[in-house]
Amino acid sequence: MGDLKHNVVALAKAARTLGVPVIVTATMPDGMWGPTMPELTAALPGVQVISRTVINAWEDPKVRAAIEKTGRKQIIVAGVSLEICASFPALSAKAAGYDTRVVLDASGTFNEAKRTAGLQRLLGAGIPVTDYATAAVEMLRSNVDPKAGQVYGALDMPFATLVWQMQSGFSKK
């Protein structure tokens, strides 16, 4: 669960740093499924969590309207469960003409069989699956972007931090 929280929050922070719209939705946060993870809402001040009762977020008119309002045709989806919360809206958005990608390590699951079934369904439908850091770096596009350091900092990848520290050490000599 710690990795999932880390990856979801890191992706959200990187997207916000780059000015990419972030839409957060939750199924019955005051009921059966509980509130949105506090780490995510803390990372996204001012972003309203869209509460819904339908399982497929795409079927909620408020969610669809928020996506349409961005004017973007490519969307990145993550969800508490890959096989339901991420897959259902990704499949529906693709059917509606969106270029949809699902972030595997920012989506949870209840067991490996469900993850495997969800992955097969997404890949069979032609929906690319990516990871949180790759999705963020793809949005960044260039390491000379003035926001690059902030994006990599938001991703909080130990290996990238080590490389950065080594590079900084060598450049001082």
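Model, not experiment: these values are computed from the prediction.

**Let's talk about the environment of Thr100**
Within the fold, Thr100 resides in strand E4 (residues 99–103). Considering only alpha carbons, one finds Thr100 and Phe110, 10 residues apart in sequence, at a separation of 23 Å. Every residue in contact with Thr100, bar those within four places of it in the chain, is listed here: Ile75, Val77, Ala90, Ala93, Lys94, Ile127 and Pro128.

**Here we look at the pattern of salt bridges**
The final tally for this structure, using the stated rule, is four salt bridges. Ionic pairing is found between Lys5 and Glu39, a salt bridge with its closest N-O pair at 3.4 Å. With Lys5 in helix H1 (residues 2–17) and Glu39 in helix H2 (residues 38–43), this residue pair connects regions lying 34 residues apart in the sequence. Judged by relative accessible area, which is 26%, Lys5 ranks as partly exposed. With a relative accessible area of 36%, Glu39 lands in the partly exposed category. Because the salt bridges share partners, they merge into one network encompassing Asp99, Arg101 and Glu138.

**With respect to the packing of H1 against helix H6 (residues 132–140)**
Where H1 meets H6, the closest approach of the two axes is 9 Å, and the angle between their N-to-C directions is 5°. Considering the angle they form, H1 stands roughly parallel to H6. Contact residues: H1 offers His6, Asn7, Ala10, Leu11, Ala14 and Ala15, while H6 offers Tyr132, Ala135, Ala136 and Met139. For the contact of H1 with H6, a count of residues per class yields eight nonpolar, two polar and no charged.

**Describing the packing of aromatic side chains**
A complete count under the given rule lists one aromatic pair for this structure. Judged by centre distance (5.3 Å) and plane angle (70°), the ring pair of Trp58 and Tyr98 falls under edge-to-face. Here Tyr98 lies in the loop between helix H4 (82–95) and E4 and Trp58 lies in the loop between strand E2 (49–52) and helix H3 (61–70), a separation of 40 residues in the sequence. Given the relative accessible area of 8%, Tyr98 is considered buried. Positioned over the ring face of Tyr98 is Lys73, at 4.4 Å from the centre of the ring.

**Examining the nonpolar core**
Within the largest apolar cluster, 27 residues are counted, with the highest numbers of intra-cluster contacts made by Leu11, Leu40, Tyr132 and Leu155. Looking at this core, the elements with two or more residues in it are H1, H2, H6 and helix H7 (148–155). Of all hydrophobic cores here, the second largest spans 16 residues; its members include Ile50, Trp58, Leu82 and Ala93.

**A word on the UniProt feature "domain: Isochorismatase-like" (unreviewed entry) in the protein chain**
UniProt's feature table lists "domain: Isochorismatase-like" (unreviewed entry) at residues 6–132, given in the numbering used throughout. Structurally, residues 6–132 comprises 44% helix and 15% strand, and the distance from its first C-alpha atom to its last is 10 Å.

Here is what the cut-offs are and how they apply
- Residues numbered from 1 in each chain as written.
- Predicted model: local features only at pLDDT ≥ 70, side-chain atom pairs only at ≥ 80, totals over all residues.
- Heavy atoms only, no water.
- Helix = DSSP H or I, 4+ residues; strand = E, 2+ residues; numbered from the N terminus.
- Contact = heavy atoms within 4.5 Å.
- Salt bridge = Lys/Arg side-chain N within 4 Å of Asp/Glu carboxyl O.
- Buried < 20%, exposed > 50% of the residue type's maximum accessible area, 1.4 Å probe, protein only.
- Axes fitted to C-alpha atoms, helices over the stretch in contact; angles between N-to-C directions.
- Parallel < 35°, antiparallel > 145°, perpendicular 65-115°, else oblique.
- Nonpolar A, V, L, I, M, F, W, Y, C, P; charged D, E, K, R; others polar.
- Phe/Tyr/Trp six-rings, centres within 6.5 Å; stacked < 30°, edge-to-face > 60°.
- Lys NZ or Arg CZ within 6 Å of the ring centre and 35° of its normal.
- Core = buried A, V, L, I, M, F, W, Y, C linked by side-chain atoms within 4.5 Å.
- UniProt positions renumbered as here; feature names shortened; annotations may be inferred.

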